[in-house]
Amino acid sequence: MTSMSAGSRPSTEGPGRAETDRWRATAEVLDEVRREPGLTRVELARRLRLASGSATEIAARLRDLGWVTEERAPCGGRGRPTTTLTPNPDGPGVVAVDVRFEGWRAGFAGLDGTPVAVRSGRHRRRDPDAVAAELDGVVAELVAAAAGPVVAVGIGIAATVVDEHIAEAGGGQGWSPLDVRRIGAGLGLPVLVGNDANLAGVAEVRDGAAAGARTALFVTVEVGIGGALVLDGCAQTGARGAAGELGHLPFGDPGAGCVCGARGCWTTGVDGRALAVLLGEPQPDAPYTYTRAVLDRAAAGEPGPSAAVTSASASLARGIAGLVNAHDPEVVVLAGLGPALRAAAPEAFAVAYDAGLMAFRRAVAPPVHDDAHGEDGVLRGAAAIALDHAVSAPGLAARAG
């Protein structure tokens, strides 16, 4: 099995340069079809500066491999007739998996990157060996049931991913170290691994609330705060794959300890555990569920929960403003419980966001949008990185070999 983290290269020896180069133009055509299904062969040739014969040959190759279907284009006047290329719904694809502390979701995605046949479940046991074995079985079942061949597996996990394994899961909630390389190990497929927030951010930039943005900031509130800086459609993962731990920036109370081992983390003023402290209630076993309950109590008009939610919303906005000052994004996307926290105290959020921005940014402050993909964001991002590898020139060459 080949295993890698998002944005990294396979750890096993791949095809040589000559083999890879032979697939480069084919990979470029597939990339265009992914971005804009239904392009004509003539338009593809023009965009990629391909000779007509080369475009015809590549289209035939992709049709034979099952990646695309080719149909005659509507007549557009003079000139030789052309064809359109669209993703084959019964063609090759990838398995995408979203692993969380309490459970999982998984599905199959074709070239269009949309997860289908999605199934979900709760972990029967939470120790690393049991989780890996359970998900290995889920992946094998999806591969067996897929209409077309599965060419890669993408895994998004609610954890800090370091060197392709988990360093710390779900805000310190404890299944480290879960070696995700064991999932799908017997299938001989490339396995791509990424942090869940990084992958959801990729999905929002590819075709979600930040579609088209070259620089986007993604922030999600789950158990803690995660996120990603996404540049040209790729999440910045850092030297070891562990970038994006936004919740552990020192934006919080310097005296407040965090489960990560640091003090003053942003998370300590925003998530369910922070709300419990503000309300003088016991620390919740399920911070995400607890936050939902506090939001419901605030909506019902309870003074204590209302004040706590207002404080958390303002803290969330201040931190986002600081990240905007640091990274200069075109747009910010808010996900998880973030949209609900903002909606529960919109004035507090708006005032804190504006106050935290450098003065020159206020007139053209980056908009803060709610996410578009919701619970499918991680699956779509996991599918995206798996497809990125599978349809790249090295990926195509490796599979052909």
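Criteria and cut-off values
- Residues numbered from 1 in each chain as written.
- Predicted model: local features only at pLDDT ≥ 70, side-chain atom pairs only at ≥ 80, totals over all residues.
- Heavy atoms only, no water.
- UniProt positions renumbered as here; feature names shortened; annotations may be inferred.
- Salt bridge = Lys/Arg side-chain N within 4 Å of Asp/Glu carboxyl O.
- Helix = DSSP H or I, 4+ residues; strand = E, 2+ residues; numbered from the N terminus.
- Buried < 20%, exposed > 50% of the residue type's maximum accessible area, 1.4 Å probe, protein only.
- Core = buried A, V, L, I, M, F, W, Y, C linked by side-chain atoms within 4.5 Å.
- Contact = heavy atoms within 4.5 Å.
- Expected span 1.5 Å × (residues − 1).
- Polar contact = N/O pair within 3.5 Å; in protein donor to acceptor, adjacent residues only side chain to side chain.
- Disulfide = S-S within 2.5 Å.
- Phe/Tyr/Trp six-rings, centres within 6.5 Å; stacked < 30°, edge-to-face > 60°.
- Lys NZ or Arg CZ within 6 Å of the ring centre and 35° of its normal.
- Pairing = 2+ DSSP bridges.
- Axes fitted to C-alpha atoms, helices over the stretch in contact; angles between N-to-C directions.
- pLDDT = per-residue confidence, 0-100.

- As recorded in an unreviewed UniProt entry, the protein chain goes by ROK family transcriptional regulator and comes from Pseudonocardia tropica.
- The heading Sequence similarities (unreviewed entry) in the UniProt record of the protein chain holds the text "Belongs to the ROK (NagC/XylR) family."

### Examining the pattern of salt bridges
Line of reasoning, step 1. Scanning all chains against the criterion turns up 23 salt bridges.
Line of reasoning, step 2. Close ionic contact of Arg-47 with Glu-32 constitutes a salt bridge, the shortest N to O distance being 3.1 Å. Here Arg-47 is found in helix α3 (residues 41-48), whereas its partner Glu-32 is found in helix α2 (residues 24-35), with 15 residues between them in sequence.
Line of reasoning, step 3. Arg-47 gets classed as partly exposed once you look at its relative accessible area, which sits at 33%.
Line of reasoning, step 4. Overlapping salt bridges, with partners in common, bring together Asp-31, Glu-32, Arg-35, Glu-36, Glu-43, Arg-46 and Arg-47 in one network.

### Description of the nonpolar core
Line of reasoning, step 1. Val-29, Leu-30, Trp-67, Val-68 and Val-94 are the most contacted members of the largest nonpolar core, which has 36 residues in total.
Line of reasoning, step 2. Those elements that place two or more of their residues in this core are α2, α3, α4 (52-65), β5 (93-99), β8 (150-157), α12 (377-390) and α13 (393-400).
Line of reasoning, step 3. Broken down by element, this core gets its largest block of residues, seven residues, from α12.
Line of reasoning, step 4. In this structure, Val-29 is in contact with Leu-44, Leu-48, Leu-50, Ile-58, Leu-62 and Leu-85, ignoring residues within four places of it in sequence.
Line of reasoning, step 5. In terms of nonpolar packing, the next biggest core, distinct from the first, is built from 32 residues, Leu-217, Val-219, Val-270 and Leu-323 among them.

### Some details on helix α6 (residues 196-207)
Line of reasoning, step 1. Helix length check: α6 (twelve residues) gives 17 Å between terminal C-alpha atoms against 16 Å at 1.5 Å per residue, within 8%.
Line of reasoning, step 2. Counting buried residues along α6, ten of its twelve residues qualify, which places the element largely inside the surrounding structure.
Line of reasoning, step 3. The N-cap residue of α6 is Asn-195: its side-chain oxygen and the backbone nitrogen of Ala-197 are 2.9 Å apart.

### Section: the state of the cysteines
Line of reasoning, step 1. Per the stated rule, a full pass over the model turns up zero disulfides.
Line of reasoning, step 2. Among the cysteines around Cys-258, which has no disulfide bond, Cys-260 carries the closest sulfur, lying 3.7 Å off.
Line of reasoning, step 3. The exposure class assigned to Cys-258 is buried, which follows from its relative accessible area of 13%.
Line of reasoning, step 4. On the basis of relative accessibility, which here comes to 26%, the residue Cys-260 falls in the partly exposed class.

### A closer look at the packing of aromatic side chains
When we look at a pair of aromatic rings, we describe it by the centre distance and by the angle of the planes.
Line of reasoning, step 1. Evaluation of the coordinates by the stated rule reveals two aromatic pairs.
Line of reasoning, step 2. Over the aromatic face of Trp-23 sits the side chain of Arg-61, whose NZ or CZ is 4.7 Å from the ring centroid.

### Some details on the sheet that holds strand β12 (residues 215-222)
Line of reasoning, step 1. Taken together, five strands build an open sheet; the order of strands is β14-β13-β12-β15-β16 and the sheet is mixed. Looking at strand neighbours, the two that pair on one side only are β14 (234-235) and β16 (368-370), the edges of this open sheet.
Line of reasoning, step 2. Inspection of the sheet shows β12 paired to strand β15 (residues 331-336) by six bridges, in the parallel sense. Counterpart to Ala-216 in the pairing with β15 is Val-331.
Line of reasoning, step 3. Set on the sheet, α6 makes contact with β12, β13 (224-231), β14 and β15; between it and β13 the angle comes to about 45 degrees.

### A word on the pairing of β12
Line of reasoning, step 1. In terms of burial, β12 is a largely internal element, seven of the eight residues being buried.
Line of reasoning, step 2. Where β12 lies against β13, eight bridges are found, and the strand directions are antiparallel. Following the sheet pairing, Thr-215 is matched in β13 by Leu-231.
Line of reasoning, step 3. Once β12 ends, the chain turns through one residue before running back antiparallel as β13.

### Topic: the side chain of Thr-83
Line of reasoning, step 1. Checked against the element boundaries, Thr-83 lands in strand β4 (residues 83-87).
Line of reasoning, step 2. Overall, Thr-83 belongs to the buried group, its relative accessible area being 14%.
Line of reasoning, step 3. A distance of 2.6 Å separates the side chain of Thr-83 from the side chain of Glu-70, its partner in a polar contact.
Line of reasoning, step 4. When sequence neighbours within four positions are dropped, the list of residues in contact with Thr-83 reads Leu-39, Thr-40, Arg-41, Glu-70, Glu-71, Arg-72 and Ala-73.

### Let's talk about the confidence of the model for the protein chain
Line of reasoning, step 1. Summarising the model, the protein chain shows a mean pLDDT of 86, and 90% of its residues fall at 70 or more.
Line of reasoning, step 2. Counting contacts from residues 1-12, a segment whose pLDDT is below 50, to residues more than four positions away or on other chains yields 34 contacts.

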